[in-house]
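# Architecture and fold: a report
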Amino acid sequence: RRTVGPVGIIAGCDGVNSVVREAISDACSGFSCTKKPLPGNLKVIRFETMPKALEPSAVHAIPGKGGSSAFIEPTARGVCALINWRDRPAGGGEK
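Residues numbered from 1 in each chain as written. Predicted model: local features only at pLDDT ≥ 70, side-chain atom pairs only at ≥ 80, totals over all residues. Heavy atoms only, no water.

## Some remarks on the overall build of the protein chain
On a plain count of helices and strands, the protein chain comes out with one helix and four strands. Starting at the N terminus and ending at the C terminus, the protein chain contains elements arranged as α-β-β-β-β. What you see for the protein chain is a C-alpha radius of gyration of 19 Å, clearly larger than the 12 Å of a compact globule of 95 residues, by over 25%. The principal-axis extent of the C-alpha atoms belonging to the protein chain is close to 55 × 40 × 20 Å. When each of the 95 residues of the protein chain is scored for burial, the buried share is 13%. Relative to all contacts within the protein chain whose residues are 6 or more apart in sequence, the contacts with residues 24 or more apart total 37%. Summing over all exposed atoms, the protein chain offers an accessible surface of approximately 8,100 Å²; the carbon and sulfur share of this is 56%. (Helix = DSSP H or I, 4+ residues; strand = E, 2+ residues; numbered from the N terminus. Rg over C-alpha atoms; globule rule 2.2 N^0.38 Å. Buried < 20%, exposed > 50% of the residue type's maximum accessible area, 1.4 Å probe, protein only. Contact = heavy atoms within 4.5 Å. Areas by Shrake-Rupley, 256 points an atom, 1.4 Å probe, with all protein chains shown as cover.)

Structure representation (structure tokens):
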């Protein structure tokens, strides 16, 4: 086991279900964190190539309706699309 410190800030920035943050919590009795669900939904989709209607070397932000949107970017292994949306409120109207 290696000891490092003291340090002022420790960050575990590997996502909402962070294994880094869990390891810090297991190792440091004074560490605590709170998870807060964000509104909406997110889906990551990978494509082999950029859709033909979009410039292949550009990053694209595409707004939608009712809180939906897409962020599409070229990567070293193809294209990554982040699609987000919010569930409709009870009654079916848009916010």
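Let us keep going from here.
## Regarding the side chain of S18
Its location among the elements puts S18 in the segment before α1 (19-27). With a relative accessible area of 5%, S18 lands in the buried category.

## With respect to the confidence of the model for the protein chain
Mean pLDDT over the protein chain: 84, with 93% of residues reaching 70 or higher. At the level of individual helices and strands, the protein chain shows its lowest average pLDDT in α1, which scores 84, and its highest in strand β2 (residues 60-63), which scores 96. (pLDDT = per-residue confidence, 0-100.)

## Quick look at the pairing of β2
Taken together, the four bridges between β2 and strand β3 (residues 69-75) define a ladder with antiparallel strand orientation. Note that in β3 the partner of A61 across the bridge is F71. Linkage of β2 to β3, two consecutive antiparallel strands, is achieved through a turn of five residues, within which G66 is found at a positive phi near 65°. (Pairing = 2+ DSSP bridges.)

## Observations concerning the nonpolar core
Among the nonpolar cores identified, the biggest contains five residues, and these are M50, A70, I72, V79 and A81. Every element with two or more residues in this core is listed here: β3 and β4 (78-85). (Core = buried A, V, L, I, M, F, W, Y, C linked by side-chain atoms within 4.5 Å.)

## Things to note about a nonpolar patch on the surface
A contiguous nonpolar surface patch, about 280 Å² in accessible area, is contributed by V4, V7 and I10. Among the structural elements, V7 can be located in the segment before α1. (Patch = residues over 30% accessible without salt bridge, like charges linked within 9 Å, V, L, I, M, F, W, Y side chains within 5 Å. Salt bridge = Lys/Arg side-chain N within 4 Å of Asp/Glu carboxyl O.)

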